[in-house]
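Fold and contact review
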Amino acid sequence: MRILSFLLMSVVSTGLLWSQPKSSLTVDQNVEDFDFALTELETSYAGFVTYVNDSTRQEYDSIVSSLKHEIELKIRPGYDAALFLYSWFDDGHLGMDMGSYKETGKYMSDRRKYQPYEMIRPYLPEPIATQATTKTYLIRLPEFDEEIVSSEWLGNAIDEFISSKCENLIIDVRGNGGGDERIWHQLLPLFYDHPGTTKSVEFRMSDNNIEFLKQAAAEFPEAQMILDKFNNTHEEFILLTDKEDIEIEVPKYDGKKPRRIAFIIDANNGSATEELLIQAKAISDRAIIYGKENTGGCLDCSSVRESALPNSGYPIFIPTARSCRLPNNGIDKTGIAPDVVIPINYPTSISDNIDEWTLWIANELENNTY
């Protein structure tokens, strides 16, 4: 599972800070910022050669040319041009941090933006592990972050489910945009019915990405494996594993398993959360995904590294790896669809409560046979 952990590992920061008042930048400095972002994009972004192809190259070149012209005419700062260009790719892992969500997301597609679910008050999912009914247990996981849902907390929640008399398990991931997938690996034994696979990734071997891998090698031996493969082949893309399909490794487990498993999703799910759904469905015949909308779609390009524009200092985020699902079977353009579309209205509130959707799904698990 260390290999799978490496697919969505956290960014390695350069430690660069916002450096200069943005209004004082000269045209040359703005051009330099944009050229820096452009070079990172074209040489290091793993999705670039997938998304800039024969059908999109003319549009891409036109956008770049127009943005450069606007910078030279002092119509647009270099950092804003870079943000616009990055947003054109509609990749949730590729982007910039402008200091506020409003500024960061101003060119983002509506599908990519955070969905506030304003009909739900409050829409503030919090970690909870409790019986929803006498037969169904609820574990709500709003984020995979050790400060919010730690490995220890989830381990205790699993133990409490095992100790309960509940037959079924609901895993509620509404609002969970991802994080550290190593946290949820301990759930896999509860799901396991048969072997299954997930897709590996290919790393784009630019000079900056190679340096990123060297920094990561101390924690992830897989990074050194990639570097060793590159030193032997010097290919632009290096496959993380020996094959594109990775067998999902599940520790041996002879304890209590849920009779049926439900996931509750929403449009804010992405990244490591989507990988959890994919792996659960791959190894389990008992897992069903419930929701009204598809997940957000933020999985095709991963292993993000951080850099910063040389003059404005804004952080930029470059995915260094692309999924072997690309180009034909990516997740990002559609997200993951629910198996069952919930037919009732949105819940009144989601916090640390047992909401209406949870109770409806519990009833489905306990009384239906599909």
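**Comments concerning the overall build of the protein chain**
Scanning the protein chain for helices and strands turns up 12 helices and 13 strands. Since a compact globule built from 370 residues should have a radius of gyration of about 21 Å, the 22 Å found for the protein chain is in line with a globular shape. When the 370 residues of the protein chain are sorted by exposure, 54% land in the buried category. Carbon and sulfur atoms form 49% of the exposed surface of the protein chain, whose accessible area is close to 16,400 Å².

**Some remarks on the environment of V340**
Tracing the backbone through its elements, the reader meets V340 in strand β13 (residues 340–341). Note: C-alpha distance between V340 and I288 (52 residues apart in sequence) is 7.5 Å.

**What to know about the sheet that holds strand β4 (residues 168–172)**
Here we have 6 strands laid out as an open sheet, ordered β2-β3-β4-β9-β10-β13, and mixed in their pairing. Only two strands of the sheet have a single neighbouring strand rather than two, namely β2 (128–131) and β13. Across 5 bridges, the pairing between strand β3 (residues 136–140) and β4 is parallel. Note that in β4 the partner of R140 across the bridge is D172. Set on the sheet, helix α7 (residues 151–163) makes contact with β2, β3 and β4; between it and β3 the angle comes to about 175°.

**Some thoughts on the packing of helix α2 (residues 27–44) against helix α5 (residues 78–88)**
At a minimum axis distance of 7 Å, the contact between α2 and α5 shows a crossing angle of 25°. Considering the angle they form, α2 stands roughly parallel to α5. When you trace α2 past α5, the crossing you get is right-handed. Only G78, A81, A82, L85 and Y86 of α5 make contact with α2, whose side of the interface consists of N30, F34, A37, L38, E40 and L41. In terms of residue class, the contact of α2 with α5 is made up of 8 nonpolar, 2 polar and 1 charged.

**Focus: the environment of K165**
For K165, the location among the structural elements is in the loop between α7 and β4. Remark: the alpha-carbon pair of K165 and T134, spanning 31 residues in sequence, is separated by 7.4 Å. Apart from residues lying up to four places away in sequence, K165 is in contact with T134 and K256.

**Some thoughts on the side chain of E274**
Summarising the element assignment, E274 is placed in helix α11 (residues 272–283). One buried charged residue, E274, forms no salt bridge at all, with the nearest opposite charge on R112 at 6.8 Å. Discounting residues that sit within four places of it in the chain, E274 has contacts with N269, T295, G296, G297, C298, L299, I331, G335 and I336.

**A few points about the nonpolar core**
Counting residues in each nonpolar core, the largest one holds 34 residues, and the members touching the most others are I139, L141, L154, I171, L187, F191 and F263. It is α11 that provides the largest number of residues to this core, a total of 6 residues. In this structure L187 touches L141, L154, I158 and I171, once residues within four positions along its chain are discounted. Core analysis: the next-biggest nonpolar cluster, separate from the first, contains 30 residues, L38, V52, I71 and L94 among them.

Conventions adopted
- Residues numbered from 1 in each chain as written.
- Predicted model: local features only at pLDDT ≥ 70, side-chain atom pairs only at ≥ 80, totals over all residues.
- Heavy atoms only, no water.
- Helix = DSSP H or I, 4+ residues; strand = E, 2+ residues; numbered from the N terminus.
- Rg over C-alpha atoms; globule rule 2.2 N^0.38 Å.
- Buried < 20%, exposed > 50% of the residue type's maximum accessible area, 1.4 Å probe, protein only.
- Areas by Shrake-Rupley, 256 points an atom, 1.4 Å probe, with all protein chains shown as cover.
- Pairing = 2+ DSSP bridges.
- Contact = heavy atoms within 4.5 Å.
- Axes fitted to C-alpha atoms, helices over the stretch in contact; angles between N-to-C directions.
- Parallel < 35°, antiparallel > 145°, perpendicular 65-115°, else oblique.
- Left-handed = near helix turned anticlockwise from the far one by under 90°.
- Nonpolar A, V, L, I, M, F, W, Y, C, P; charged D, E, K, R; others polar.
- Lys, Arg positive; Asp, Glu negative; His and termini not counted.
- Salt bridge = Lys/Arg side-chain N within 4 Å of Asp/Glu carboxyl O.
- Core = buried A, V, L, I, M, F, W, Y, C linked by side-chain atoms within 4.5 Å.

Any link to function would need more than the numbers given here.
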